[in-house]
Each structure stands twice: as structure tokens, then as C-alpha cells.
Amino acid sequence: MPIYMTAQYQVHPSQVEKTKESVRQLVKHVKTSEPFTTIYIAQQQILNPSGFMHILRFEDEAALKTHQSSPASAQFVQTVYPQTQKPIEFMEYNLIATINP
């Protein structure tokens, strides 16, 4: 059963560019190495550029575990987590409607 999640966080304003580069590296890894992570959207807030939200879809629990244990995720955690102003908030959702399969 697919897993839908978001991750929201805010970094210190001086770390925005470093965070964006870390996000790009993580998404590049997901695209090339995680075929069962079927959606990964990373967004930056417009009115508050130090705020970020990721939208994720994993095909199943195994795909989520693959993502969580990847070297790219470890690098992201090591680089970004210390720069957040409070812990990253992860939320899991049930899909109720979509325009994409």
C-alpha cells in the first residue's frame, strides 16, 4: 500500500542556499536510485524562503525504508538537520483523491 508523507522544516536564514543544494542532491539520488519512491517534490516557501516542504510517495514500506537508509538521506540529515530551527515535522496521509494515477 502506498505511503504519502510530507516533511516541513525551517532552517536558519544563513543556511538557505546550503539547504537548497542538499535538497537537490537528495532528489537527484532519489531519481536515479529509488524507483519505488514515486513522488518527491521539494518546495521552498515564497514569503518565508527559509521554510521548506517535501511531498513524498513511497510504493510501500520497503521503499520508505530504502529511502531512509540511503547514503543520500544520511548526508541530507547530517547537513540539514543541524540547521533547522526546530525538528523536522513528518506527517503521513491517506490519499482520498488525485488527478494523477
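Our structure's up above, just so we're on the same page.
The paragraphs below set out a description of the structure included in this document. Since we're looking at a predicted model, the values are computed, not measured.

Calculation rules
- Residues numbered from 1 in each chain as written.
- Predicted model: local features only at pLDDT ≥ 70, side-chain atom pairs only at ≥ 80, totals over all residues.
- Heavy atoms only, no water.
- Pairing = 2+ DSSP bridges.
- Helix = DSSP H or I, 4+ residues; strand = E, 2+ residues; numbered from the N terminus.
- Axes fitted to C-alpha atoms, helices over the stretch in contact; angles between N-to-C directions.
- Contact = heavy atoms within 4.5 Å.
- Core = buried A, V, L, I, M, F, W, Y, C linked by side-chain atoms within 4.5 Å.
- Buried < 20%, exposed > 50% of the residue type's maximum accessible area, 1.4 Å probe, protein only.
- Salt bridge = Lys/Arg side-chain N within 4 Å of Asp/Glu carboxyl O.

As for the sheet that holds strand S1 (residues 3–10)
Turning to step 1, where the next piece is worked out: Taken in spatial order, the four strands of this open sheet run S2-S3-S1-S4, and their pairing is antiparallel. Each having just a single partner strand, strand S2 (37–44) and strand S4 (89–93) make up the two edges of the open sheet. The sheet shows a mean angle of 15 degrees between the axes of neighbouring strands, direction not considered.
Turning to step 2, where the next piece is worked out: With five bridges joining them, S1 and S4 adopt antiparallel strand pairing. Considered in S4, the bridge of Thr-6 is made with Met-91.
Turning to step 3, where the next piece is worked out: The strands touched by helix H1 (residues 16–33) are S1, S2 and strand S3 (51–58); relative to S2, the strand with the most contacts, the crossing angle is about 165 degrees.

Here we look at the nonpolar core
Turning to step 1, where the next piece is worked out: Ranked by size, the top nonpolar core spans 19 residues in total, and within it Met-5, Tyr-9, Val-11, Leu-26, Phe-58 and Phe-76 carry the most contacts.
Turning to step 2, where the next piece is worked out: Not counting residues up to four positions away in its chain, the partners in contact with Tyr-9 are Thr-19, Val-23, Ser-50, Gly-51, Phe-52, His-54, Phe-76, Val-80, Thr-84 and Ile-88.

A word on the pattern of salt bridges
Turning to step 1, where the next piece is worked out: Here the structure, examined in full by the defined rule, presents four salt bridges.
Turning to step 2, where the next piece is worked out: The partner of Glu-21 in a salt bridge is Arg-24, and the shortest N-O contact between them spans 4.0 Å. Taken together, the positions of Glu-21 and Arg-24, both in helix H1 and three residues apart, correspond to about one turn of that helix.
Turning to step 3, where the next piece is worked out: Among the residues examined, Glu-21 registers a relative accessible area of 38% and is labelled partly exposed.

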